[in-house]
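Close look at the chain arrangement
Residues per chain are reported as follows:
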Amino acid sequence: MTPLPAAIEATRLQVSRSRSKILKGLDFTVDAGRITGLLGPSGSGKTTLMRAIVGVQRISQGNLTVLGRPAGSAPLRHDVGYVTQGASVYSDLSVQANVRYFGAMHGATAADTAEAIAAVGLESLARHKAADLSGGQFSRVSLACALVAHPKLLVLDEPTVGLDPVLRAELWERFAAMAAAGTTLLVSSHVMEEASHCSSLLLLRDGLLLAQLTPTELAGRGRSEDLERAFLTIIKAADRGQEESQVTS
Amino acid sequence: MTFATTTRVLGQLRHDHRSVALILVVPALLLTAVYFLFENETLPPGFPRTFDRVGLMMLAIFPFVVMFLVTSITMLRERTSGTLERLLTTPIHKADLLFGYALAFSIMATLQSLVATAVAYWVFDLDIKGSPGFVVMIAVINAVLGVALGLLCSAFARTEFQAVQFMPVVVVPQILLCGLFVAREHMNEVLEAISGVLPLTFSVDALKEIAGNADATATMWQDALVMGGIVLGVLVLASLTLRRQTR
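These notes cover the structure that comes with them. (Residues numbered from 1 in each chain as written. Chains lettered and ligands numbered in written order. Predicted model: local features only at pLDDT ≥ 70, side-chain atom pairs only at ≥ 80, totals over all residues. Heavy atoms only, no water.)

**Considering the overall build of chain B**
Each helix and strand counted, chain B has 10 helices and 0 strands in total. Overall, chain B shows an N-to-C arrangement of helices and strands of α-α-α-α-α-α-α-α-α-α. Relative to its length of 247 residues, chain B is compact, with a C-alpha radius of gyration of 19 Å against a globular reference of 18 Å. Judged by the C-alpha coordinates and their principal axes, chain B covers about 65 × 40 × 35 Å. (Helix = DSSP H or I, 4+ residues; strand = E, 2+ residues; numbered from the N terminus. Rg over C-alpha atoms; globule rule 2.2 N^0.38 Å.)

Shown next, in the form of C-alpha cells:
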C-alpha cells in the first residue's frame, strides 16, 4: 500500500487564549484515511487543538496544515466537518430540518439528508423535534449534521459521551467504515478503552504532546493491556520526569 | 444559503405557536388600548383625533421593538448554543446569515403590521390622508431596523438577561425622542440634535408626511431612503461582530 499524504500536519503549533498558553508547541502528523484518537485528561487542550484544526481558533505560532492548506482557509470549509462536544443543533427544529439546513451549506440533496439520518439510526425519529429526543439521540443529530456534507476530514469532540455501550460500538463501526472509504477522522475521548479503535493515538497533556503511538505501543509502553492503566503509567512517568527536572534545575 | 437560513429561522418560529401569536396579536391589542385611552377626548371641530396621530406612530414603533427583542434573543441563542460557531466552519457567507435573518423577520413584521394596520383602519377608522400601503412599508423598514440593531446588540451580550437590558439603552431613547411625546421643534437643542440622528425619528417624520398628504411626498421617500441606509450600515457593523476565528 502506498503511504497516503498526511491530512493534518502541525509544526511547533502554539495557541494562546487570553495570555495563557493552551498549546505549547506541538509537532505531529495525522494520516489520511485513518482514525486518529486524541486522548488526554480534561483541560489538556484537546478541544482547543480541534478548534484550531477546523479553523475557528487562531494560531499564535507555528504551522498547522490541513488537507494541504493552512488551517482556517476558506476552501477547507467544504471539506472539514466538526462535531462539537455539546451538540450544536437547533433544538426547536426537527431532526430532518436540522440536517437539511446544515446540508444546504454544502449543496446537499434530499437523498444526502436521508442518508445522513439513516447513518446515525434516527430514521424513525426524523420528524421529531430535536428537543424531544434523549441525550444520546440529540448528540447523534449533531453527528448527522456533519455527515451530510461528506467531509474529507471529520473532527469529533467526545462523540461517544453519554451513549450506551451498544450505540458506542455502532458508532465506532461507522467510523471504521468511513475511514475505509477514505475519510480521515480525528476523535477525542477521555475513555481510554475507545483508544483501541484508533490506528494512531495522540496523547496530550497540559498543552504538550506526551507521545504519538499505536494502541499496541501504548499497551507496551504503559506495561498494561488495560489502556487506561497504561495511559496513567505514562502520565505518572511524565510527571516524575517533570519533577526531577525541576529538582535538578 | 440565504433562503435556507430564512426557511430555517421561520421553521423555528413555526414550532413556537405562542411566540407567533404574541408577535401577531399583541400590537393590535395595544392599539386597541390606545384607542380606548383617547375615546372620550373632546375636540374642537375639524381637529384630528389623538388616536390618528399616536395610533399611527404606534403602528411603526411596535414592529421595531418586537423585532429588536426577538432578533437579539434568537441570535444570542445561536451564539451560545454553538450553532453559530458550527455554521461559520461551513462555506456559509456572513451575509447569507444576516440577510437570511433579516428576510425571515421582515416577513413576520409584514404580517404583524398588516394585522395592526387592518385593525387601525377597519376597526378604529384611522383617519389619515395617505395610503395604508405606505404605512405598512414604513413599519416593515422599522422592523428591519429592529432586526439589524438586535443582531448587532446580541454581540455585546453574554446572556439573555443582558440582551434584554439593551432594550432601555437602544430602544427607549429612540421612542422618547422620535417626536411621539413632544414635537421635535419643542425640544431643547441638545435633545433635538440627538433626535435628529436617531433612525426612528425619520420613520415618524415619514408617517407625518403620509398622514398629511394624499400622495407620497419627496420628504417621505427621503426619510425611507435614510432609514434604508442606516439599516444597511447597522447590518455591516453586525457582520463585523461575526468572527470566524477566536483569538
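**A word on the interface of chain A and chain B**
Contact with chain A, which involves 30 residues of that partner, is made by 25 residues of chain B. Summed over both sides, the interface between chain A and chain B buries roughly 2,600 Å², with carbon and sulfur atoms accounting for 53% of that surface. Looking at the side of chain A facing chain B, the largest losses of area belong to Arg58, Arg77 and Met105 of chain A, adding up to 26% of the total buried there. The interface formed by chain A and chain B holds 2 salt bridges in total. Seen at the junction of chain A and chain B, the total is 8 residue pairs in polar contact (both at pLDDT 80 or more). Secondary structure elements with two or more residues in the side of chain A that touches chain B: β1 (6-17), α1 (46-54), β6 (80-83), α2 (95-104) and α4 (135-147) of chain A. (Contact = heavy atoms within 4.5 Å. Buried area = accessible area lost by both parts, 1.4 Å probe. Salt bridge = Lys/Arg side-chain N within 4 Å of Asp/Glu carboxyl O. Polar contact = N/O pair within 3.5 Å; in protein donor to acceptor, adjacent residues only side chain to side chain.)

**Remarks on the sheet that holds strand β2 (residues 20-31) of chain A**
Residues and elements named next belong to chain A. Sheet architecture is open: 4 strands sit in the order β2-β1-β4-β5, paired in antiparallel fashion. Only two strands of the sheet have a single neighbouring strand rather than two, namely β2 and β5 (69-70). Of the strand pairs in this sheet, strand β4 (residues 61-66) and β5 are connected by 2 bridges, and their pairing is antiparallel. Bridge pairing in β5 places valine 66 opposite arginine 69. (Pairing = 2+ DSSP bridges.)

**Observations regarding the packing of aromatic side chains**
One pair of aromatic rings is described through two measures. These are the centre distance and the angle between the planes. A complete count under the given rule lists 11 aromatic pairs over all chains for this structure. An aromatic cluster of three or more residues is present, and its members are Tyr35, Phe36, Phe51 and Phe124 of chain B. The ring of phenylalanine 102 of chain A is capped by arginine 86 of chain B, whose NZ or CZ atom sits 5.0 Å from the centre of that ring. (Phe/Tyr/Trp six-rings, centres within 6.5 Å; stacked < 30°, edge-to-face > 60°. Lys NZ or Arg CZ within 6 Å of the ring centre and 35° of its normal.)

**Some words on the pattern of salt bridges**
Two side chains bearing opposite charge may form a pair once their charged atoms approach each other closely. Across all of its chains, the model carries 9 salt bridges over all chains by this definition. The shortest N-O distance in the salt bridge between arginine 77 of chain B and aspartate 92 of chain A comes to 3.6 Å. With arginine 77 of chain B in helix α3 (residues 50-80) and aspartate 92 of chain A in the loop between β6 and α2, this residue pair bridges two chains. By relative accessible area, arginine 77 of chain B is classed as partly exposed at 42%. Relative accessible area serves as the criterion here: at 17%, aspartate 92 of chain A is assigned to the buried category. (Buried < 20%, exposed > 50% of the residue type's maximum accessible area, 1.4 Å probe, protein only.)

**Here we look at the packing of helix α5 (residues 94-123) of chain B against helix α10 (residues 218-240) of chain B**
All names here are of chain B. Between α5 and α10, whose axes approach to 10 Å, the crossing angle comes to 130 degrees. Taken together, the axes of α5 and α10 lie oblique to each other. Remark: the crossing between α5 and α10 carries right-handed chirality. Packed against α5, whose contacting residues are Lys94, Leu98 and Phe99, the element α10 presents Leu232, Leu235, Ala238 and Ser239 at the interface. (Axes fitted to C-alpha atoms, helices over the stretch in contact; angles between N-to-C directions. Parallel < 35°, antiparallel > 145°, perpendicular 65-115°, else oblique. Left-handed = near helix turned anticlockwise from the far one by under 90°.)

**Let's talk about the pairing of β4 of chain A**
Residues and elements named next belong to chain A. In the sheet, β1 pairs with β4 via 5 bridges, with the strands oriented antiparallel. Residue pairing in the sheet places glutamine 14 in a bridge with glutamine 61 of β4. Counting the residues that bridge the hairpin from β4 to β5 gives 2 residues, and of these leucine 67 lies at a positive phi of roughly 50 degrees.

**Section: empty space enclosed by the protein**
Per the stated rule, a full pass over the model turns up 2 cavities of 30 Å³ or more. The calculated volume of the largest cavity comes to roughly 100 Å³. Every residue lining the largest cavity is counted, 13 residues in all, and those nearest its centre are Gly81, His106, Cys145 and Ala146 of chain A together with Thr90 of chain B. At the level of secondary structure, the elements contributing two or more residues to the lining of the largest cavity comprise β6 and α4 of chain A. (1 Å grid on protein atoms, 1.4 Å probe; cavity = no way out; pocket = protein on both sides within 12 Å on 5 of 7 lines; lining within 4 Å. Points joined across faces, edges and corners; volume = space filled by probe spheres on them.)

**Concerning helix α2 (residues 17-37) of chain B**
Residues and elements named next belong to chain B. For α2, which comprises 21 residues, the first-to-last C-alpha distance of 30 Å matches the rise-based estimate of 30 Å (1.5 Å per residue) to within 8%. Taken residue by residue, α2 has Ile23, Pro27, Ala28, Leu31 and Val34 as its buried positions. Of the surrounding secondary structure, the elements contacted by the buried residues of α2 are α1 (2-14), α3 and α5. (Expected span 1.5 Å × (residues − 1).)

**Some remarks on the sheet that holds strand β9 (residues 200-205) of chain A**
All names here are of chain A. With mixed pairing, 6 strands are arranged side by side in an open sheet as β6-β7-β8-β3-β9-β10. Two strands close off the open sheet at either side, each with one partner strand: β6 and β10 (208-213). Direction aside, the axes of adjacent strands within the sheet are offset by 15 degrees on average. Relative to strand β7 (residues 153-157), β6 runs parallel, the two being bridged by 4 bridges. Of the residues in β7, the one forming a bridge with glycine 81 is leucine 154.

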